[in-house]
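So you can see what is in the structure, the chains are spelled out below.
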Amino acid sequence: MIAITRVTLVAGQLILVYVRSKASNPSDRPCTVPLASTPLPVMTAMRSPRLPPQSSAPASIRGFTLLESIIALAIIGILAAIVAPAWKTLIDRQRVNTAQREILASFREAQFNAQREIRDWQVCFRTQNGRVETLVHAQSLTDAIGCPTNDSRWRPLAGEASNKIQIIHSTLPLRNGYRSSRFLFNGRVSGAGASGGGLGTGRIVIAPQNQTMPKRCVFISTILGTTRLARDNQCN
């Protein structure tokens, strides 16, 4: 990406140098023939013709010609067509990287709080109004096992970019319609309350909206709550 930007800047500088050199080239200026210092006797009685005044502005500040402008715009358009896809890919990669880091941080927060408070904590994921959201909350003995729907602590994943990403796959336990991970007081994961049971392990995979690449994922690979990161084809 940095290399493409440098190429764009160099190309722009070369265009300006070319245009200025054309404008200041002495061969482009009209030739003038010096007049004789002593007028001919035949022309003394004749009235000297009035010549149009020459511009005092230097040739180096003349404007661009139509051809030069068209060439410059064509080069800029070609470079923009090359840079635009690379720029979008870079932004998409930054968004999914941010979401991946936040998912990992949510798992670690829930696991740490479960061990500190000696009670279960849970991480839930959902897509609400086109935005991916996550919830980290404590689970008391009187609470139903699941992810609360109307909880003010739901927060967008990846901040303002939560509507630019999507969950394309997840094998985390499913509780009342939401993918979730439940950590016990000892830091281990549990499949309690999940549809189909299970050990509580699994993965969650995210990608840019309406795309499958680049993708990032977070695994809970053991019942001890061990987490790891992966990307692209490693998420399969």
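In this text the structure is predicted, and so the values were computed from the model without any measurement.

About the cut-offs
Residues numbered from 1 in each chain as written. Predicted model: local features only at pLDDT ≥ 70, side-chain atom pairs only at ≥ 80, totals over all residues. Heavy atoms only, no water. Helix = DSSP H or I, 4+ residues; strand = E, 2+ residues; numbered from the N terminus. Buried < 20%, exposed > 50% of the residue type's maximum accessible area, 1.4 Å probe, protein only. Core = buried A, V, L, I, M, F, W, Y, C linked by side-chain atoms within 4.5 Å. Contact = heavy atoms within 4.5 Å. Patch = residues over 30% accessible without salt bridge, like charges linked within 9 Å, V, L, I, M, F, W, Y side chains within 5 Å. Areas by Shrake-Rupley, 256 points an atom, 1.4 Å probe, with all protein chains shown as cover. Salt bridge = Lys/Arg side-chain N within 4 Å of Asp/Glu carboxyl O. Phe/Tyr/Trp six-rings, centres within 6.5 Å; stacked < 30°, edge-to-face > 60°. Lys NZ or Arg CZ within 6 Å of the ring centre and 35° of its normal. Disulfide = S-S within 2.5 Å. Pairing = 2+ DSSP bridges. Axes fitted to C-alpha atoms, helices over the stretch in contact; angles between N-to-C directions.

Peer 1: Help me out: how do you make sense of unusual backbone geometry in this one?
Peer 2: When glycine is set aside, most residues are seen to have a negative phi, and most peptide bonds are trans. Of note, the bond from Met-213 into Pro-214 is cis; its omega dihedral lies within 30 degrees of zero at -10 degrees. Looking at the secondary structure, you find Pro-214 in the loop between β8 (202-208) and β9 (216-220). One non-glycine residue, Ala-158, lies in positive phi territory at about 70 degrees. By the element assignment, Ala-158 lies in the loop between β3 (155-156) and β4 (165-170). For Ala-158, a relative accessible area of 11% translates into the label buried. If you check the backbone angles, Asp-232 has positive phi at about 50 degrees while not being a glycine. Within the secondary structure, Asp-232 is located in the segment after β10 (227-231).

Peer 1: What is the right way to look at the nonpolar core in this model?
Peer 2: When a protein is soluble and globular, its nonpolar side chains tend to lie buried together. Residues Ile-103, Phe-107, Val-123, Phe-125, Ile-165 and Phe-183 are the most contacted members of the largest nonpolar core, which totals 24 residues. Of all the elements in the fold, those that place two or more residues in this core are α2 (66-117), β1 (120-128), β2 (131-139), β8 and β9. With residues up to four places along the chain from it excluded, the contact list for Ile-165 reads Arg-95, Val-96, Ala-99, Val-132, Leu-157, Ala-158, Ala-207, Pro-208 and Gln-209.

Peer 1: Just to check I follow, could you spell out a nonpolar patch on the surface for this structure?
Peer 2: Together, Leu-67, Ile-71 and Ile-75 make up a nonpolar patch on the protein surface, roughly 260 Å² of accessible area in all. As for its placement among the helices and strands, Leu-67 is situated in helix α2.

Peer 1: Which parts of the structure should I look at to understand the packing of aromatic side chains?
Peer 2: When we look at a pair of aromatic rings, we describe it by the centre distance and by the angle of the planes. Applying the stated rule across the entire model yields three aromatic pairs. Look at Phe-107 and Phe-125: their rings are 5.9 Å apart centre to centre, the planes differ by 80 degrees, and that puts the pair in the edge-to-face class. Of this pair, Phe-107 sits in helix α2 while Phe-125 sits in strand β1, placing them 18 residues apart in sequence. Like Phe-107, the residue Phe-125 is buried in the burial classification. Judged by centre distance (5.6 Å) and plane angle (75 degrees), the rings of Trp-154 and Tyr-178 are edge-to-face. Here Trp-154, found in the loop between β2 and β3, pairs with Tyr-178, found in strand β6 (residues 178-183); they are 24 residues apart in sequence, far enough to count as distant. Each of the two residues, Trp-154 as well as Tyr-178, counts as buried. A network of ring pairs unites the aromatic residues Phe-107, Phe-125 and Phe-183 as a single cluster. Residue placement shows Arg-126 over the ring face of Trp-154; its charged tip is 4.0 Å from the ring centre. Above the face of the Phe-219 ring, Arg-228 is positioned so that its terminal group lies 4.0 Å from the ring centre.

Peer 1: Where do I start with the state of the cysteines in this structure?
Peer 2: Disulfide: a covalent bond connecting the sulfur atoms of a pair of cysteines. Inspection of the entire model under this criterion finds two disulfides. With its sulfur 2.1 Å from that of its partner, Cys-124 forms a disulfide with Cys-147. Handedness here is read from the sign of the S-S torsion; for Cys-124 and Cys-147, about -90 degrees, the answer is left-handed. Of this pair, Cys-124 sits in strand β1 while Cys-147 sits in the loop between β2 and β3, and the two are 23 residues apart along the sequence. Using a relative accessible area of 0% as the deciding quantity, one classes Cys-124 as buried.

Peer 1: Explain the sheet that holds β8 to me, please; I cannot follow it from the model alone.
Peer 2: Either a parallel or an antiparallel arrangement is found when strands of a sheet pair, and the pairing is made through backbone hydrogen bonds. A sheet is described by the order of its strands in space; here four strands give the open sequence β4-β8-β9-β10, paired in antiparallel fashion. Each end of this open sheet is capped by a strand with a single partner; those strands are β4 and β10. For this sheet, the mean angle separating the axes of adjacent strands, direction not counted, is 20 degrees. As paired elements, β8 and β9 share five bridges and run antiparallel to each other. Opposite Gly-202, over in β9, you have Ile-220 as the bridge partner. Seen against the sheet, α2 touches β4, β8, β9 and β10 and runs at an angle of roughly 15 degrees to β9.

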